[in-house]
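So you can see what is in the structure, the chains are spelled out below.
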Amino acid sequence: MNLSHEEEDRSLSLSKFESMLKTNKVFFFDSEEFEDIILHYLDTGKINLAKKALKLGLEQHPRSTGLKLVQVEILVFDDKLDVAERLLNELYAIEPTNEEIYIQKANIYSKRDQHDKAVEHLEIALKYTDDFADVYSLIGMEYLFMDNLELAKENFIKCLEEDTEDHSALYNVVYCFDFLDQNLEAIDFLNSFIDKNPYSEIAWHQLGRQYHAIKDYEGALRAFDYATLIDDSFLGAFLEKAKTLEKLKRWEDAIACYNTTMELDDPTSFALLRVGKCYERLGNLEKALKFYLKTVHEDPLLDKAWIAITDFYIRRKNYQKALYYVNKAIGIDNENKLYWKRYATINNALHFHEEAEEGYRKAVEFGDYQVDTWLFWVDTLQFLGEYDTAINTLLQACEYYPEEYEIEYRLAGLYLMLQETDKGVFHLSNGLRLNYKHHTLLQDFFPNEFAAPLVQEILEKYKKK
């Protein structure tokens, strides 16, 4: 790899500096060399070396504004804000038009959560700087901290107008559009940006994400295609492209795309799982299961993979194996309402009614308030002869579904079975009012009660209405 002259100079300076530390000899560096050395160590997280370089730098160049500004940066990093501020005030008295002084003052205000004052100082820095892009980006970040997404977006766009290669600003602009639910505006912006920068793979990738968000999968695919053509090692774009191909039901193409991601990097559990699902869609069950098992081997704690195998066996009606795998998923996430519902469904199919009841109960306990979950739970309780619990459960379900005829007919049947005639008639009347046509539910679940003369008399009355 060829290094630029600047990189070569920095590399030589670093070697010379580190040699000096090892030998205890004192070498001379100009102030800019010291700045580069210190900033290199800051960027690489070697704070102690940065501080050593700063100390030596200030000993050799005690009047260097540049080194003192780096000193401010380190003081701010160490949360010594008052000391940093005093030093900045001294520097301001010497160089009031140095933009870096205002940037560092803004940094201090930002650290103190005084983001509006930080913006004020950054706007002053704009008057003196040659690097407008960097300052606009900093202003954008301050507005992000203030949750002012519109002004943040506006400043990140200004940053990109100055420097189209600022990828961080591009991601931040799109983040603002996303947060504001402005997908169409984001598409317009990105298309305009691409018109001027047609080889920006990041812009194409972000455009694809926006099209995907509005369900324009053909548009998304086209954008991801361009991103991967420009950069054939763009892992994120290949992943998004594969997901888009799945949406378009192009299973074989999606598999090929996921395989590309696994060639670019180590196979991820996500990619392995999606390949398994694609093979299942294609009817290649042997390969589907092979990839599902590869997924759990790659990541044994990925509950979604265990559930994929569970669903695979449920669809094959192999409930014994499904039960084994759903228990694996619950072992990883035992508060997942969807897993407990599957557990209940599988146990129901195996005629393990007590376990099924536990599954439905846990599903509701963890937030599954779907009407069918309540009804399956109640029907299981009824099968187990737990009539009072079934009634209490239905009354609880009424709070979520006050006008649900299936609940009313079940309450009517249970109350009539327990000889609580008034309550039974009340709920039967409710059910008939809500949906007369489905009164046969009472006959299906409570044939003896349905045949009672009182019930037949009530049904006859509603029939004539």
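What counts as what
Residues numbered from 1 in each chain as written. Predicted model: local features only at pLDDT ≥ 70, side-chain atom pairs only at ≥ 80, totals over all residues. Heavy atoms only, no water. Helix = DSSP H or I, 4+ residues; strand = E, 2+ residues; numbered from the N terminus. Rg over C-alpha atoms; globule rule 2.2 N^0.38 Å. Buried < 20%, exposed > 50% of the residue type's maximum accessible area, 1.4 Å probe, protein only. Contact = heavy atoms within 4.5 Å. Areas by Shrake-Rupley, 256 points an atom, 1.4 Å probe, with all protein chains shown as cover. Salt bridge = Lys/Arg side-chain N within 4 Å of Asp/Glu carboxyl O. UniProt positions renumbered as here; feature names shortened; annotations may be inferred. Phe/Tyr/Trp six-rings, centres within 6.5 Å; stacked < 30°, edge-to-face > 60°. Lys NZ or Arg CZ within 6 Å of the ring centre and 35° of its normal. Core = buried A, V, L, I, M, F, W, Y, C linked by side-chain atoms within 4.5 Å.

Secondary structure assignment for the protein yields 28 helices and 0 strands. Its C-alpha radius of gyration of 34 Å places the protein more than 25% over the 23 Å reference for a compact globule of 465 residues. Structurally, the protein occupies a C-alpha span of about 105 × 50 × 50 Å along its principal axes. Relative to its full complement of 465 residues, the protein shows a buried share of 45%. For the protein, contacts bridging at least 24 residues in sequence account for 47% of all contacts bridging at least 6. Here the protein has roughly 25,100 Å² of accessible surface; of this, 49% comes from carbon and sulfur atoms.

What follows is about the pattern of salt bridges. In this structure the tally under the stated criterion is 20 salt bridges. For arginine 112, the salt bridge goes to glutamate 85, with nearest N and O atoms at 3.2 Å. Taken together, the residues span a long stretch of sequence, with arginine 112 in the loop between helix H6 (99-111) and helix H7 (115-128) and glutamate 85 in helix H5 (residues 81-94) at a distance of 27 residues. For arginine 112, a relative accessible area of 27% puts it in the partly exposed group. Taken together, the shared-partner salt bridges in this structure form one network comprising Asp82, Glu85 and Arg112.

Our focus in this paragraph is the UniProt feature "repeat: TPR" (unreviewed entry) in the protein. Residues given the UniProt feature "repeat: TPR" (unreviewed entry) here are residues 133-166, 201-234, 269-302 and 303-336. Helix makes up 79% of residues 269-302 and strand makes up 0%, while its end C-alpha atoms are separated by 8 Å. This span, residues 303-336, is 79% helix and 0% strand, and a straight line between its end C-alpha atoms measures 10 Å.

Here we come to the packing of aromatic side chains. One pass over the full model with this rule turns up 19 aromatic pairs. Seen from their ring centres, phenylalanine 177 and phenylalanine 189 are 5.8 Å apart, and the 40° between their planes marks the pair as tilted. One end of the pair, phenylalanine 177, is in helix H10 (residues 167-179); the other, phenylalanine 189, is in helix H11 (residues 183-196), and 12 residues separate them in sequence. The exposure class of phenylalanine 177 is buried, given its relative accessible area of 4%. Ring pairing ties together the aromatic residues Tyr292, Trp306, Phe312, Tyr313, Tyr324 and Tyr325, which thus form one cluster. A cation over an aromatic ring shows up here: arginine 316 above the ring of phenylalanine 312, its NZ or CZ 4.8 Å from the ring centre. Directly above the ring of phenylalanine 445 sits arginine 410, whose terminal nitrogen or CZ lies 4.4 Å from the centroid.

Quick look at the nonpolar core now. Grouped together as the largest cluster of nonpolar side chains are 43 residues, with contacts concentrated most on Leu170, Phe189 and Leu207. Among the elements of the structure, H6, H7, helix H8 (132-145), helix H9 (149-162), H10, H11, helix H12 (201-213) and helix H13 (217-230) are those that each provide at least two residues to this core. Here phenylalanine 189 is in contact with Ile157, Leu160, Leu170, Val173 and Phe177, once residues within four sequence places are set aside. The next biggest cluster of nonpolar side chains, apart from the first, holds 41 residues, and it includes Ile255, Val275, Ile307 and Ile309.

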